[in-house]
Every structure is written in structure tokens, then in C-alpha cells.
Amino acid sequence: MEKERKLIIAGNWKMNKTGAEGAELAGQIKLDLGDLTEVDVVLCPPFTALDAVAKAIEESTLRLGAQDMSPSDYGAHTGEICSGMLREFGVRHVILGHSERRQYQEENDALINQKTKTALAAALKPIVCVGELLEQREAGETEAVVGKQLAGSLEGLSTEQMYETVIAYEPVWAIGTGLTATPDQAQEVHAFIRGQLAQQHDETIAKRIRIQYGGSVKPDNARELMSQPDVDGALVGGASLDAHNFVGIIKNTLN
Ligand code: PGA
């Protein structure tokens, strides 16, 4: 599949896999993918499995990501993990503002903005998540909600910082539900996001930035979703816990 921007496919393992289980899964993915370079592939295990997964993917093109991080660099923040701790394991990407954190940890755009800036300052590449709830979509508020999340989460980023950032559009109603946005629904919001980035920043940033789709991505819907002009990859939850499914998603987006 010829795309303007290189696809980036990330597996968000959420609160699944011990270190041993994670190493096994990562090892299998590494084996099945071989030296794939056409797509950027990121594995995001829980913090406790980072070390084991980092070792399992040594000497491969796979990249390591984390699922969250503290907005602070160090100090009295019980239970938190900071950017320096992630970098110690070779983490390069960090998911920020996932809808589950917005919902269960009550994260808001201001906090996500702080985390994004902290990550960038530490040379980590943020994957900033946005997306509407079902009732918001039904009320015709998708663009208003996504636009506000985008503006708030990315406020004050420099051009260089924007180039390092990936956006993930994840309609909340499609996460873990088996309900996928249709390729047209995804494309519509991705185009809106790119348009807003052009307005808020500039055309070059909007053209370069990669926007992933997330929400029940599976091997059999991956190709159609990612062949949409403004869909530049996927953030995969459930299907990333199984090597066959995750590799299937990646391979189905190739020719
Ligand atoms: P899902 O999760 O693929 O299981 O729907 C996506 C996500 O939450 O990132």
C-alpha cells in the first residue's frame, strides 16, 4: 500500500501480560515480522514488562512504547513513572490521554498537554489520543469534542515538537466493543483533525503528522481502514495481545 506518510502501528497491551508473558509475545511478533521496515511497529506493554520486552525485541526493527507517564520529571509522586525511567529501558514512544485514562483517572486536556511537553522534552514521541463518546457522536458533537481535545492537548507545541508527535483518533464507542468506525467515518474525522492542525499550526505540519485510528482494529478490517488517505496507522488494543492477529494487521496493510 503506497502511502504519503509511513504507517505507524502500535499495540496497546493495557493491563495485560507479565514480563515473562510479554517477552514471549514480543518474541513471537519479532519472529513473524522479520526485518520489516515498511511500517513503524511499536509495542506498548505495561511498565512492569518493559524490561523483559525490551530484551525480547533487541536487534529488531520493533520499537518500545509506554502507556502513560508522569508530567513531572522526578520527586514525591507515589506510584508514578517518569520519562527518565522509561528511557532507561529504551522506550521511544508514549501513549498519552488514552480514553480509559480520561475516563477512569479523570485526565483532562491540560494534564495531557503537560505530559506531552514533558515527554517531548525527554525526547520521547507522544501518541496523543482523542475521541468522542457515543452520545457525543449521536448529538453531532464529534468535531467539537475532538477539536477541543486536540487544541488543549497540543497547546504550545513548537513545529519541531509537532513533527515528533503522533495523534490517535479513537472513537470511545469503538474501543473494545467490536464496533469499528467505518472507513468513511474514520476518514471523515481524520480529515477534520488534519484540517484543524493546518489551521492551528500550519500546512506542512498537518501534511507530515501521522494520525492513527484506534477502536476494534482487526486483521480483516485493517487494510480498508488504513487505505483511507488520512489514516496513517493504528492503535490496536485487544488484537495486539495475540501475535497472529497483530502481525496479521500489519501484514494486511502491506501490498
Ligand atoms: P481495541 O482498543 O483495539 O481493543 O478496541 C484500542 C485502544 O484502546 O487503543
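To keep things clear, this report deals only with the structure shown in the data block. (Residues numbered from 1 in each chain as written. Predicted model: local features only at pLDDT ≥ 70, side-chain atom pairs only at ≥ 80, totals over all residues. Heavy atoms only, no water.)

1. A closer look at the site of the ligand
- By nearness alone, 13 residues border the ligand, and K14, H98, E170, G176 and S216 come closest of all.
- Between an oxygen atom of the ligand and a side-chain N or O atom of K14, the distance comes to 2.7 Å.
- Considered on its own, the ligand offers 290 Å² of accessible surface; in the complex 96% of this is hidden by protein.
- Grouping the amino acids of the shell around the ligand by side-chain chemistry returns 4 nonpolar, 7 polar and 2 charged. (Near = heavy atom within 4 Å. Polar contact = N/O pair within 3.5 Å; in protein donor to acceptor, adjacent residues only side chain to side chain. Areas by Shrake-Rupley, 256 points an atom, 1.4 Å probe, with all protein chains shown as cover. Nonpolar A, V, L, I, M, F, W, Y, C, P; charged D, E, K, R; others polar.)

2. Things to note about the pairing of strand β7 (residues 210-214)
- Counting buried residues along β7, 5 of its 5 residues qualify, which places the element largely inside the surrounding structure.
- Burial along β7 is two-sided: the residues R210, Q212 and G214 and I211 and Y213 are all buried.
- The sheet contact formed by strand β6 (residues 166-169) and β7 spans 4 bridges and is parallel. Bridged to Y169 within β7 is Y213.
- Judged from the 2 bridges that link them, β7 and strand β8 (residues 233-236) form a sheet pairing that is parallel. Within the sheet, the bridge partner assigned to G214 lies in β8 and is L235.
- At this point the chain moves from β7, through helix α11 (residues 219-226), to the parallel β8, and the crossover so formed is right-handed. (Buried < 20%, exposed > 50% of the residue type's maximum accessible area, 1.4 Å probe, protein only. Helix = DSSP H or I, 4+ residues; strand = E, 2+ residues; numbered from the N terminus. Pairing = 2+ DSSP bridges. Right-handed = clockwise from strand over helix to strand, strands pointing away.)

3. Side note on the environment of P45
- Tracing the sequence through the fold places P45 in the loop between β2 (40-44) and α2 (50-56).
- C-alpha of P45 to C-alpha of N12: the two residues are 33 residues apart in sequence and 6.7 Å apart in space.
- In this view, P45 contacts W13, L50, V53, L64, G65 and Q67; residues no more than four positions away in its chain are not counted. (Contact = heavy atoms within 4.5 Å.)

4. Quick look at helix α1 (residues 19-33)
- When the terminal C-alpha atoms of α1 are compared, their 21 Å separation across 15 residues agrees well with the 21 Å that a helix rising 1.5 Å per residue should span.
- For α1, the full list of buried residues reads G19, G22, L25, A26, I29 and L33. Looking straight down α1, one finds that the buried residues subtend no more than 130° of arc, so they occupy a single side. Exposed residues lying more than 90 degrees from the buried face of α1 are A20, E24 and L31.
- Of the surrounding elements, those touching the buried residues of α1 are β2, α2 and α12 (243-253).
- Positive phi shows up at G34, right after α1, with a value of about 60°. (Expected span 1.5 Å × (residues − 1). Arc of directions from axis to C-beta.)

5. Looking at the sheet that holds β8
- Read around the barrel, 8 strands follow the order β1-β2-β3-β4-β5-β6-β7-β8 and close on themselves; strand pairing throughout is parallel. Ignoring strand direction, the axes of neighbouring strands in this sheet form an average angle of 25°.
- Strand direction decides the pairing type here: strand β3 (residues 63-66) and strand β4 (residues 91-96), joined by 3 bridges, are parallel. Across the sheet, A66 pairs through a bridge with V94, a residue of β4.
- Contacts from α12 reach β1 (8-12), β2 and β8 within the one sheet, and its direction differs from that of β1 by about 170°. (Axes fitted to C-alpha atoms, helices over the stretch in contact; angles between N-to-C directions.)

6. Focus on the pattern of salt bridges
- Scanning the entire structure with this criterion turns up 17 salt bridges.
- Among the ionic pairs, D40 bridges to R63, the shortest N-O distance being 3.4 Å. Here D40, found in strand β2, pairs with R63, found in strand β3; they are 23 residues apart in sequence, far enough to count as distant. Both residues of the pair, D40 and R63, belong to the buried class.
- E164 is the partner of K125 in a salt bridge, and the nearest nitrogen-oxygen pair spans 2.4 Å. Of the two residues, K125 sits in strand β5 (residues 125-130) while E164 sits in the loop between α8 (159-163) and β6, which places them 39 residues apart along the sequence. (Salt bridge = Lys/Arg side-chain N within 4 Å of Asp/Glu carboxyl O.)

7. Re the pairing of β1
- Burial analysis of β1 places 5 of its 5 residues in the buried class, which makes it a mostly covered element.
- Pairing geometry for β1 and β2, over 5 bridges, is parallel. Pairing of G11 across the sheet is with L43, part of β2.
- Handedness of the crossover joining β1 and β2 through α1 is recorded here as right-handed.
- Here β1 pairs with β8 via 4 bridges, running parallel. Following the sheet pairing, G11 is matched in β8 by V236.

By themselves, these are just geometric observations and shouldn't be taken as functional.
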